[in-house]
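# Examination of the molecular architecture
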Amino acid sequence: MDSTKLKQEIQERRRQAQSAPSESMPVEHNMAELRKLQPRYRGLEAGHRACQGCGEALAARLVTEAAGPDVILTNATGCLEVFTTPWPQSAWRLPWIHSLFENSAAIASGVEAALKAQGRKTKVIAQGGDGGTFDIGFQALSGMLERQHNILYVCYDNEAYMNTGIQRSGSTPHAAMTTTSPPGKERMGKRHLKKDLLSIIAAHHIPYAASASVAYPADIRRKVRRAVSIEGPTFLLIHSPCPLGWGIDSEISIEVARLAVQTGLFPVVELERGELTGVMPIRHPRPVADYLKLQNRFKHLFTDDPRAREEREHLQALADHNIEIYQLKGDGMDALDTDGADTVRRGGMVD
Amino acid sequence: MLHALEGSQAIAQAVALCRPGVVAAYPITPQTHIVENISKLVADGKLKCEFVSVESEFSAASVVLGASAAGSRSYTASSSQGILLMAEVLFDIAGMRLPVVMTCANRAISAPINIWNDHQDSMTVRDSGWIQLHCADNQEAIDTSIQAFRIAERTELPVMVCMDGFVLTHTLEVVDMPSAEQVDSYLPPFTFKNKLDPKHPLSLGTLVGPEYYTEARYSLHRALEKALPEIEAADADWAKICGRAAGGLLTVEGPENATTAVLAMGSVVSTLTESNEMLPGNKRVKIIKLRSFRPFPIEALQMACQGLKELIVLERAFSPGLGGILGTEVRAALAGMQKPPQVRNFTVGLGGRDIPMSTLSKLINAAKAQAPGGFAILDVEPERLPPEDR
Ligand SMILES: Cc1ncc(C[n+]2csc(CCOP(=O)(O)OP(=O)(O)O)c2C)c(N)n1
Ligand code: SF4
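The following paragraphs examine the structure supplied in this document. Computed from a predicted structure; not experimentally measured.

Criteria and thresholds
- Residues numbered from 1 in each chain as written.
- Chains lettered and ligands numbered in written order.
- Predicted model: local features only at pLDDT ≥ 70, side-chain atom pairs only at ≥ 80, totals over all residues.
- Heavy atoms only, no water.
- Helix = DSSP H or I, 4+ residues; strand = E, 2+ residues; numbered from the N terminus.
- Buried < 20%, exposed > 50% of the residue type's maximum accessible area, 1.4 Å probe, protein only.
- Contact = heavy atoms within 4.5 Å.
- Areas by Shrake-Rupley, 256 points an atom, 1.4 Å probe, with all protein chains shown as cover.
- Lys, Arg positive; Asp, Glu negative; His and termini not counted.
- Charge placed at Lys NZ, Arg CZ, Asp CG, Glu CD.
- Pairing = 2+ DSSP bridges.
- Core = buried A, V, L, I, M, F, W, Y, C linked by side-chain atoms within 4.5 Å.
- Axes fitted to C-alpha atoms, helices over the stretch in contact; angles between N-to-C directions.
- Near = heavy atom within 4 Å.
- Polar contact = N/O pair within 3.5 Å; in protein donor to acceptor, adjacent residues only side chain to side chain.
- Nonpolar A, V, L, I, M, F, W, Y, C, P; charged D, E, K, R; others polar.
- Patch = residues over 30% accessible without salt bridge, like charges linked within 9 Å, V, L, I, M, F, W, Y side chains within 5 Å.
- Salt bridge = Lys/Arg side-chain N within 4 Å of Asp/Glu carboxyl O.
- 1 Å grid on protein atoms, 1.4 Å probe; cavity = no way out; pocket = protein on both sides within 12 Å on 5 of 7 lines; lining within 4 Å.
- Points joined across faces, edges and corners; volume = space filled by probe spheres on them.

### A word on the overall build of chain B
Along the backbone of chain B there are 12 helices and 15 strands. Oriented by its inertia axes, the alpha-carbon framework of chain B measures out at about 65 × 55 × 45 Å. Each of the 390 residues in chain B was classed as buried or not, and the buried ones make up 56%. Put simply, 81% of the contacts in chain B that link residues at least 6 apart link residues at least 24 apart. Counting every atom, chain B has about 16,300 Å² of accessible surface; 56% of that belongs to carbon and sulfur. Separation between the mean location of the 34 positive side-chain charges and that of the 43 negative ones in chain B comes to 4 Å.

Here is the structure:
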């Protein structure tokens, strides 16, 4: 298929997806009523202990807001788990269980099996950071997808192990500095590439897998509703900046997240049964350097070292490659998510 | 040379002096600073080794298993949940007699999740067949890490160097970092006769049926027993090079004629020793610092307990439904003595609860009230318990 045809097809499928009836939540009547009584439903309360500008905290709030009250959550060990539940407090309004770092998908499989055994329709959402998803919890996740559990797995991707103090993960971008991929005489930060997890997930041929970014809240909400309306395994990868780990001021967290999308470094896409069915288009791709130079973790790429320029070019090439393979360059639509920005200010959504 | 170093930094440097060929580790608090420091040494070209940044502790342990089997000096480090995730591999490393060295930055076990110090993690894998050596301060941790490679390679047994998380790993202390020449003269380059080598093909990890399994396990037990003199010799030889020993199998301090002793492992020994010095002369007790927990030095312990009326075992872990682990083992070890002391057993300092200097006096008093064979958690706070457990 040539590229214009593919682009047309993507746009056509996107139009279909947007008008599909699966948009509405499959909740029982009393739950819908409950939701009406709580127009600004929040599954994750304010007052938890995340850092200012934490992408993960915002993303988790958006996910639980969109999924509604008839949900059971599981959580891998990581920042989200730690900052929401310092005993004896909890910021969750939903039933929530944390067991270990590597088993969020497996305990979710167990919860879902029990719900099935009891004939209950409650949706299970498994959560993990990128370490808990790309790395240590990957086996459990793959099993969960292969067995077709009726679970939405959400990965909050801040591209390192933040909870233990910024170590590299399989998701850390190439050349980024972390405490276990420090630049030095022999190294320019992380040597390996960011694992293309979404393609691996898609290779399980699950009904729905998508990426999203905290910079686009309405898109997250739409994708969560879509995912929870599907009976079967679904997956959402949400790019979530960590001001501490990325070395950025907390007030530019969203701006930096948006740049990751606008440069093509973090493609926002949807895949159904392994096929690409939607992308968030980029009207004017931004140079990767605009994104990198805001962050301390890429500081060593802006030195006189000849290796620095080479790595910058490498990252630009990776972004260009994403734009090409996902056909990200769009014309008609504006990726600016104004509805979302408004919601963030209000602190919740009125449905 | 003397340096003020954080415990983890000191360990990273000590390990680098031992010239490992392969390091594989996965971050977990409070071990993380060790891996971070090693990463930095590698990035700066100060440590030439293959550093494998694995995706889990299970793989960290498996990578060093493979690397050691392929004939490289191999090192890993972990804590808590990481040690438990490694458990299956740890038994395998020991069963295959692979001389891996690892640091366990001791931390409590989930649930409830807790990142602070106690000994439940290394205790839980005490039957894995690893040698386990406990360190009371950061100098001991440096010296023990270096000795560990020699012990491992001479005995063909893996060695776990246990150091208290935070209390040692995150504390800045003035330590003497040995020179490369000192370490090189002590630790010869690694050669491993059972390595995977196409010139001499060996099969490792074979299936063993009932005809030989018992013998294989017995040999592992014997190997650990035979490691006792190796541990002592490794320490004595190191002392010849740097003028400092790290505590052999165990050491005894305090007045010769004291009839009460307190036995403990790890950094709490330093607290006990200092508190002991502040007691009036006639109230002072002996302090037994147990360094080698596996192999368990039964004979040396019996010797150390000659003339004692009372032995108070203080530990940082326990076995729910039984009581003390170390206490139970000490009772068993002393049962063969002519006149064994009464053994009192207390657990203290779980999940990072502070062990203040006042602990020693509290312990001595509580011991008087404990029934023979008893066990108690010394610092449990009744008002924090649900009413039915008070
Ligand atoms: C088996 C095991 N190994 C290591 C740890 C230590 N640990 C806890 S959270 C964490 C990193 C979490 O990283 P990620 O999943 O990316 O989530 P984030 O904190 O960045 O949100 C690590 C290494 C653990 N709890 N259990
Ligand atoms: S360290 Fe990063 S991920 Fe963790 S709470 Fe802070 S901002 Fe969020």
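Alright, that's what it looks like, and here's the rest.
### Structural notes on the pairing of strand β11 (residues 286–290) of chain B
Residue and element names in this part refer to chain B. Burial analysis of β11 places five of its five residues in the buried class, which makes it a mostly covered element. Side chains of β11 alternate between two faces, with Lys-286, Ile-288 and Leu-290 and Ile-287 and Lys-289 buried alike. Examined bridge by bridge, strand β9 (residues 250–253) and β11 share four bridges and lie antiparallel to one another. Within the sheet, the bridge partner assigned to Val-252 lies in β11 and is Ile-288. Bridge count between strand β10 (residues 260–264) and β11: four bridges; the pairing is parallel.

### Here's the deal with the nonpolar core
Counting residues in hydrophobic clusters, the biggest one holds 92 residues, and the most contacted among them are A:Ile125, A:Val224, A:Phe235, A:Ile238 and A:Tyr291. Element by element, the count of residues in this core is highest for helix α3 (residues 55–67) of chain A, at eight residues. Beyond its immediate stretch of four places on either side in the chain, A:Val224 contacts A:Val63, A:Ala66, A:Ala67, A:Leu152 and A:Leu236. By size, the runner-up hydrophobic cluster in this structure holds 52 residues, among which are B:Leu5, B:Ala25, B:Ala223 and B:Leu224.

### Quick notes on the sheet that holds strand β7 (residues 269–272) of chain A
Pairing between the strands of a sheet comes from backbone hydrogen bonds, and it takes one of two forms, parallel or antiparallel. Residues and elements named next belong to chain A. Reading across the sheet, the eight strands line up as β2-β1-β3-β4-β6-β5-β7-β8 and stay open at both edges, with mixed pairing between neighbours. With partners counted over all chains shown, the strands left at the sheet margins are β2 (96–98) and β8 (275–279), one partner each. The average angle at which neighbouring strand axes cross in this sheet is 20°, direction not considered. Here six bridges tie strand β5 (residues 208–213) to strand β6 (residues 234–239), and the two strands are oriented parallel to one another. Looking at the pairing, Ala-212 lines up with Ile-238 of β6.

### Quick word on the site of ligand 1
Taken together, 23 residues surround ligand 1, and among them A:Glu56, A:Cys79, A:Gly131, A:Gly132 and B:Glu57 come closest. Flanking ligand 1 are residues from chains A and B. In this structure, an oxygen atom belonging to ligand 1 sits 2.9 Å away from a main-chain N or O atom of A:Cys79. B:Glu57 places a polar side-chain atom, nitrogen or oxygen, 2.5 Å from a nitrogen atom of ligand 1.

### Details of the site of ligand 2
All names here are of chain A. With respect to spatial proximity, the complete set of residues near ligand 2 consists of Ala-50, Cys-51, Cys-54, Cys-79, Phe-83, Asn-158, Cys-242, Pro-243 and Leu-244. Those elements giving two or more residues to the shell around ligand 2 turn out to be α4 (79–84) and α10 (243–246). For the shell around ligand 2, a count of residues per class yields eight nonpolar, one polar and no charged.

### A look at a nonpolar patch on the surface
Residues B:Val208, B:Tyr212 and B:Tyr213 make up a contiguous nonpolar surface patch of about 340 Å² in total accessible area. One can find B:Val208 in the loop between α7 (180–186) and α8 (213–242).

### A closer look at unusual backbone geometry
Geometrically, the link from B:Thr29 to B:Pro30 is a cis peptide bond, its omega value of 0° lying close to zero. Each neighbour pair has its own omega, and for B:Arg294 with B:Pro295 the value is -5°, a cis peptide bond. Summarising the element assignment, B:Pro295 is placed in the loop between β12 (292–294) and α10 (298–304). Look at A:Glu159: it is not a glycine, yet its phi comes out positive at around 65°. In this fold, A:Glu159 is placed in the loop between β4 (151–157) and α8 (197–202).

### Side note on empty space enclosed by the protein
Counted by the stated rule, this structure contains five cavities of 30 Å³ or more. One number sums up the size of the largest cavity: a volume of about 160 Å³. Lining the largest cavity are 14 residues; nearest its centre among them are A:Thr180, A:Ser181, A:Arg187, A:Arg191 and B:Phe51. With three residues, the single largest contributor to the lining of the largest cavity is helix α2 (residues 32–43) of chain B. Residues belonging to the lining of the largest cavity are distributed by class as follows: four nonpolar, six polar and four charged.

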